[in-house]
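# Survey of secondary and tertiary structure
The chain contents come next:
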Protein chains: 2
Amino acid sequence: MTNQKKIVLSEEEIPEQWYNVVAEMPNKPMPILHPGTKQPLKTEDLFPIFAEELSRQETNQTDVWIDIPEEVREKYRIYRPSPLVRATGLEKALDTPAHIYFKNESVSPVGSHKLNSALAQAYYCKKEGITNITTETGAGQWGTAMAFAAETFGLELAVYMVKISYEQKPYRRSLMQTWGAQVIASPSMSTKAGRKILTDHPTYQGSLGTAISEAIELAMQTPNCKYTLGSVLNHVSLHQTVIGLEAEKQMEIAGEYPDIIIGCFGGGSNFSGIAYPFMRHNFKEGRKTRFIAAEPSSCPKLTRGIFQYDFGDEAGYTPLLPMFTLGHNFAPAHIHAGGLRYHGAGTIVSQLLKDGWMEAVDIDQLDSFEAGVLFARTEGIVPAPESSHAIAAAVNEALKAKEEGIAKTILFNLSGHGLVDMSAYDQYFAGDLTNYSLSDEDIKKNVDQLEKII
Amino acid sequence: MTNQKKIVLSEEEIPEQWYNVVAEMPNKPMPILHPGTKQPLKTEDLFPIFAEELSRQETNQTDVWIDIPEEVREKYRIYRPSPLVRATGLEKALDTPAHIYFKNESVSPVGSHKLNSALAQAYYCKKEGITNITTETGAGQWGTAMAFAAETFGLELAVYMVKISYEQKPYRRSLMQTWGAQVIASPSMSTKAGRKILTDHPTYQGSLGTAISEAIELAMQTPNCKYTLGSVLNHVSLHQTVIGLEAEKQMEIAGEYPDIIIGCFGGGSNFSGIAYPFMRHNFKEGRKTRFIAAEPSSCPKLTRGIFQYDFGDEAGYTPLLPMFTLGHNFAPAHIHAGGLRYHGAGTIVSQLLKDGWMEAVDIDQLDSFEAGVLFARTEGIVPAPESSHAIAAAVNEALKAKEEGIAKTILFNLSGHGLVDMSAYDQYFAGDLTNYSLSDEDIKKNVDQLEKII
């Protein structure tokens, strides 16, 4: 037991292995399918798109622990281990008996957890002699992370940035440029996928799905070039488990074990990272920890989507993934949590949700900002609009604990800070933000178009 | 000796006392004078403007160590101790035998060292029953710190923000508003000082000197209200010594002692903080550590100003301070390091410079950005434009060490990050920034207006 506000580990305690949850899941996810043949994809089928080692990690269902290369751990030392913080200010403001902890991933130089996977992906690409990489970014957090990682390992990077974010978040663009990346607003005229959308819908504001299509297309047409992705995929979740593995040691120092673990949810990268290392104790030791994914109510694939095979991108370039989805053509509202505007969930998370190992809640935009401002005023850190969804869910649970008079232990992941998202806060204070509700019909319209494979 | 990238202390190691350099300086600064009588000011003369305890700290020339209240240390735990980092990436890029360390004050939730004094000032005000405070801010770093500190201790805050920054740095304004402060562009019509300037010069873009005048005027006219300042004054430097006191322990863990210590220089707060705790070993043990203040060449009070009594503000509301100055009417160029655009230096620093205990260098705007980008690409952290002046000076010293083939140990203070200053980086990359040179005549014109008291 400690009375430290921040529980800090030494650099030697940066995990030496990532945790590969697939190897220990009671039910494995269904296989990824080739979109043409509908046959399960082999590891080698991924080689044209991803670095080979990342492809192997993507399909690895047997190794529980995967070594983190020393070169990646060396770079993790720039910002890892990240602190675990007791949110004493927030607890006091809520007058709750709950103990609230958060893992502070905002301390990374790019301001979010995304660097955990970006450094790994850049490293493997470099090691395999790749010179150029492409990627997409929604709110810009993944793009900035990949920009710094590419700069670190000496790779050229092109980033397709969702057009609405490109315009709303100019500082993110500047950050990527500071780290030497080329940034293109998506949809763009530089790809077939982009040109088609711009021709059909000239004013289309972009989506992650479209940006992914563009980034894949460019990677396929550029010599010695691979594509990288910041969420959804298994190897990304794998890299993010450093968050939960550190948090596990830190909770031990705190002398507590979480009853509830919460992460905001876009494609699943930060939720997976904080959740899986703890979830293994539910699998193996029958622990009853609750895991809650907090998604925006404007993009509710986990709470209101269907479980079906779907594409990961808008143009249908990716394999077919078994997942909770709103349909790959779903165009989410322009909420400020751009990192959560994605139509589907990763295959692992989808299977875990289906099997009842975790829960999902949806959070309205205004509730997320209210929670974010409360957090900024009590804990000092202005959260990213994405992370505010996790905070809102944590606040809800802490208030429930108060009602019930139970001293629950709540852990959430603060995936990033909002210092480059201040225009969103401006709009919130000015009363210019609204909630977005989807009718059942809106949702049905999209998912009904999906081929029924399951 | 350690091979950690980041040298981290535990919360118990947050200093329990601040170091009051005045008590150990071989020559004390000359007295502060009442502007009317020209007589030395007594502590009580400061009570109408500042909290009483801060006034006492301001004039305390005898106590070497001053206790940090437990309530302030408790709040320091949100972000302190800050890491000391070995800049291995920068060293490698410069191919220098020098060991470069930086104290990373950018980890504070407001993004800079300013919170160290803001929390102390807000605490003392609250303790003395004050309900409202005013302050000014240049680039916005002090204002954001004071906003969070005021929110933390339950005080109402009004911030006069230099107009050019108010327009160039909207995110800083949003941050202050997120923490509940009222922000007014200065010059404003809300004060006599502001109205006079707006009437005389309708397009005047503001200066720290003017904003100080406005903030003091508002404080004098508001019941139960005091004024707070983020630099220049002795009590501010005192609070900032937590930086150097922590760094001293951390350098010991690193197994080295700095040959050169560098801070950027506006009014002196961060330079003092990193320098004084080490300088005492020069005073007392004859150490020969070099201390370098890095100021912008567009505002060169230390390298080209005169040592004279001058006002701290534009309108002449403050006492007369013995200092290096460019004259209180000096209107600095609109460089992006808004925190360094101040006409004078604190009285302690001025005396230390006069007595040869420290040096000063001036850095051109373009050189500061070049160093800042190099630092971002090698160490990951995008520095505040202010801090980039310290980086540029450190780079110069590291290159000198390379020429001489000597493994010097260099320590600089990274006073803050630049995540809310990205528009400045945009302009730098677009080639829209220039250097500003002052002719001797420009400088003479202003300082010649000063009353010759010395």
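Residues numbered from 1 in each chain as written. Chains lettered and ligands numbered in written order. Predicted model: local features only at pLDDT ≥ 70, side-chain atom pairs only at ≥ 80, totals over all residues. Heavy atoms only, no water.

Moving on to the pairing of strand β10 (residues 260–264) of chain B. Residue and element names in this part refer to chain B. Counted residue by residue, β10 has 5 buried out of 5 residues, so it is predominantly covered. Burial of the side chains of β10 extends over both faces: Ile-260, Ile-262 and Cys-264 are buried on one face and Ile-261 and Gly-263 on the other. Summarising the sheet, β10 and strand β11 (residues 290–296) pair through 5 bridges and their orientation is parallel. Bridged to Ile-262 within β11 is Ile-292. In the sheet, β10 pairs with strand β15 (residues 409–414) via 3 bridges, with the strands oriented parallel. Following the sheet pairing, Ile-262 is matched in β15 by Phe-412. (Buried < 20%, exposed > 50% of the residue type's maximum accessible area, 1.4 Å probe, protein only. Helix = DSSP H or I, 4+ residues; strand = E, 2+ residues; numbered from the N terminus. Pairing = 2+ DSSP bridges.)

Here the focus is the interface of chain B and chain A. Contacts between the two partners involve 41 residues from chain B and, on the opposite side, 40 residues from chain A. Where chain B abuts chain A, roughly 3500 Å² becomes buried across the two surfaces, and 54% of that area is made up of carbon and sulfur atoms. Per-residue buried area on chain B facing chain A is highest for Tyr-171, Thr-178 and Arg-377 of chain B; these three make up 20% of the total on that side. There are 2 salt bridges connecting chain B and chain A. The salt bridge involving Lys-6 of chain B is made with Glu-11 of chain A; its shortest N-O contact spans 3.2 Å. One can count 21 residue pairs in polar contact (both at pLDDT 80 or more) joining chain B with chain A. Among the elements of the structure, α5 (141–153), α7 (170–178), α14 (365–379) and α16 (422–429) of chain B are those that each provide at least two residues to the side of chain B that touches chain A. Counting residues per element, the side of chain B that touches chain A draws most heavily on α7 of chain B, at 6 residues. (Contact = heavy atoms within 4.5 Å. Buried area = accessible area lost by both parts, 1.4 Å probe. Salt bridge = Lys/Arg side-chain N within 4 Å of Asp/Glu carboxyl O. Polar contact = N/O pair within 3.5 Å; in protein donor to acceptor, adjacent residues only side chain to side chain.)

All names here are of chain B. One can describe the packing of helix α1 (residues 52–59) onto helix α10 (residues 234–254) by two numbers: an axis separation of 7 Å at closest approach and a directional angle of 90°. Looking at the two axes, α1 sits roughly perpendicular to α10. Listed contacts from α10 to Leu-54, Gln-57 and Glu-58 of α1 are Asn-234, His-235, Leu-238 and His-239. (Axes fitted to C-alpha atoms, helices over the stretch in contact; angles between N-to-C directions. Parallel < 35°, antiparallel > 145°, perpendicular 65-115°, else oblique.)

To continue, consider the state of the cysteines. All told, the structure shown has 0 disulfides over all chains when counted by the stated rule. Free of any disulfide, Cys-264 of chain A has its nearest cysteine sulfur in Cys-299 of chain A, 12 Å distant. (Disulfide = S-S within 2.5 Å.)

It is worth spelling out the pattern of salt bridges at this point. All names here are of chain A. What the rule picks out here adds up to 44 salt bridges over all chains. Between Lys-38 and Glu-451 there is a salt bridge; the shortest N-O distance is 3.3 Å. Within this pair, whereas Lys-38 is found in the loop between β2 (17–19) and α1 (52–59), its partner Glu-451 is found in the segment after α17 (440–447), the two being separated by 413 residues in sequence. You can call Lys-38 partly exposed: its relative accessible area is 28%.

With that settled, the discussion passes to the relation of the copies chain B and chain A. Mapping chain B onto chain A calls for a screw motion: a turn of 180° about the axis and a shift of 0.0 Å along it, with 0.0 Å RMSD after fitting. Each copy turns onto its partner about a two-fold axis. Interface overlap between copies is the fraction of interface residues in one copy that are interface residues in the other; for chain B against chain A it reaches 98%, indicating a shared surface. (Least-squares fit on C-alpha atoms with pLDDT ≥ 70 in both.)

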